[in-house]
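Each chain is listed here by its residues.
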Amino acid sequence: MRSSRNRTLARGAVGLGLAPLLLAAAVLPASAAPGPQGPPPHANEDQSYGQAKQNGLRTVAPDDLVIGTAAAGGGHHVTAGYPDPFTYDRQYRRILNAEFSSVSPENQMKWEFLEPERGQYNWGPADAIVENAERNGQAVRGHTLLWHSQNPAWLTEGVASGEIDDAELRQILEDHIRTVVGRYAGRIDQWDVANEIFTDAATPRLRPENFWIQRLGPGIVADAFRWAHEADPQATLFLNDYAVEHIGPKSDAYYALAQDLLAQGVPLHGFAVQAHLSFEYSFPASLQENLQRFDDLGLETAVTELDVRMPVAEGGPTEAQLEQQADWYQQALEACLGVEECNSFTIWGFTDEYSWVPYFFEGTGAANVMFEDYERKPAYWALHETLAAAQD
């Protein structure tokens, strides 16, 4: 355990000490609506970017922790009424580069986006994220390879109709994994190989809607890890899911699965908690203990998709809500910092402007660490101060 990291900061210090100095230096101007050539230039954009680059989260994070975010694009963004954020919003991209040392494609590597027609890959958006990361010294987390959701119509309809038989389905999955992981071999550090494979029931079981597992059997999970490892032996390969932050039936199911895969010699390297948190539920108080038990198995751990949503009334979140949100972001980070091999901490987007939350959880939102105009929330400063303290 990193003893120098496992500390609690006074919440009242946010906004009283380092925060206002950095806020004045780091907040970038509000973005204009992006167009085909990106937003119009701002007079002080370069200066603000430079200040943010000096003071961003990545600059204060410990050397053995990457601090990441999702790169907005694909998914709900396609129909949201604005151009692709990562491609066309220059200010968004500059903040992403200044603040974060790791990036996850939000949707651009999911199957429906990456292989919309069989054997025909849409590499452009994913390539752009990887190339941008390389230019800016960022790690990339690949997301995701085996999942029951966001699969292309040619695949789901072929499975449903019986046009694709089991042998062909297995070959399709193997080809996809080897092609995608192989393309980015040596360039993507971590992969979410198997995503959301257990149900949320009191007694979790493998998802019945996961046609990969239902058609090919539970052993296909191990095969997916083997194929990914063969395509890039240097990449770190993870199980990834939501609602597994605390010790309970669902995380227990993953713990048992991890033990079984390791006993088989499967190249499983890590366990990741998404951490899509909500004020509707309590904070997962056993998060650090849960991560630690997977660490004790010899696995790396990671927080991969953290956001904290809340009910939002007209007028936006209250001061009390923002303080609670900041506290939860801080607690999640401290839990990761307290576990030796929790080496990756990713928030799922950083500005409410492009958040997925209001599209999927009606009546909630404000889940990210910056407002729509990129003003930093208390949650941002909670992360900033906690990371800075972890370097001491």
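In case you missed it, the structure is sitting above this.
Q: Can you walk me through the environment of alanine 235 in this structure?
A: Mapped onto the elements, alanine 235 comes out in the loop between helix H11 (219-231) and strand S5 (236-241). Taking the relative accessible area as the measure of exposure, alanine 235 reaches 2% and is therefore buried. Here the alpha-carbon distance between alanine 235 and tyrosine 184, two residues 51 residues apart in the chain, equals 9.7 Å. With near-sequence residues (within four places) excluded, alanine 235 lies in contact with Ile188, Asp189, Trp191 and His269.

Q: Looking at this structure, how should I read the packing of helix H14 (residues 319-337) against helix H16 (residues 378-390)?
A: Two quantities define a packed helix pair, namely the angle between the axes and the distance from one axis to the other. Where H14 contacts H16, the two axes come as close as 8 Å, and the packing angle between them is 30 degrees. Relative to H16, the element H14 is oriented roughly parallel. Helix-helix and strand crossings are classified by hand; for H14 and H16 the assignment is right-handed. For the pair formed by H14 and H16, the contact residues are Leu322, Glu323, Gln325, Ala326, Tyr329, Gln330, Leu333, Glu334 and Leu337 on the first element and Pro378, Ala379, Ala382, Leu383, Thr386, Leu387 and Ala390 on the second. Of the residues in the contact of H14 with H16, the class split is 11 nonpolar, 3 polar and 2 charged.

Q: In this structure, what is going on with the side chain of arginine 207? I would like to understand it.
A: For arginine 207, the location among the structural elements is in the loop between strand S4 (190-195) and helix H10 (211-216). In terms of polar contacts, arginine 207 uses its side chain to reach the side chain of glutamate 209, at 2.8 Å. In this view, arginine 207 contacts His148, Glu196, Ile197, Phe198, Thr199, Asp200, Gln214 and Tyr242; residues no more than four positions away in its chain are not counted.

Q: Whenever I open this one, helix H5 (residues 90-99) confuses me. Can you help?
A: Residue pairs spaced three or four apart in an α-helix point in one direction, given the helix's 3.6 residues per turn. Buried residues dominate H5, accounting for 8 of its 10 residues. Those residues of H5 not exposed but buried are Gln91, Tyr92, Arg94, Ile95, Leu96, Asn97, Ala98 and Glu99. Sitting at the amino-terminal end of H5 is aspartate 89, which places a side-chain oxygen 3.3 Å from the backbone nitrogen of glutamine 91.

Q: In this structure, what is going on with the nonpolar core? I would like to understand it.
A: One broad trend across soluble globular proteins is that nonpolar side chains are buried collectively. With 103 residues, the main nonpolar core has Leu155, Trp191, Leu306, Phe345 and Phe350 as its most contacted residues. With residues near it in sequence (within four places) discarded, leucine 306 still touches Gln274, Ala275, Leu277, Tyr329, Ala332, Phe345, Thr346, Ile347 and Trp348. By size, the runner-up hydrophobic cluster in this structure holds 5 residues, among which are Ala70, Trp348, Trp356 and Ala367.

The rules behind the values
- Residues numbered from 1 in each chain as written.
- Predicted model: local features only at pLDDT ≥ 70, side-chain atom pairs only at ≥ 80, totals over all residues.
- Heavy atoms only, no water.
- Helix = DSSP H or I, 4+ residues; strand = E, 2+ residues; numbered from the N terminus.
- Buried < 20%, exposed > 50% of the residue type's maximum accessible area, 1.4 Å probe, protein only.
- Contact = heavy atoms within 4.5 Å.
- Axes fitted to C-alpha atoms, helices over the stretch in contact; angles between N-to-C directions.
- Parallel < 35°, antiparallel > 145°, perpendicular 65-115°, else oblique.
- Left-handed = near helix turned anticlockwise from the far one by under 90°.
- Nonpolar A, V, L, I, M, F, W, Y, C, P; charged D, E, K, R; others polar.
- Polar contact = N/O pair within 3.5 Å; in protein donor to acceptor, adjacent residues only side chain to side chain.
- Core = buried A, V, L, I, M, F, W, Y, C linked by side-chain atoms within 4.5 Å.

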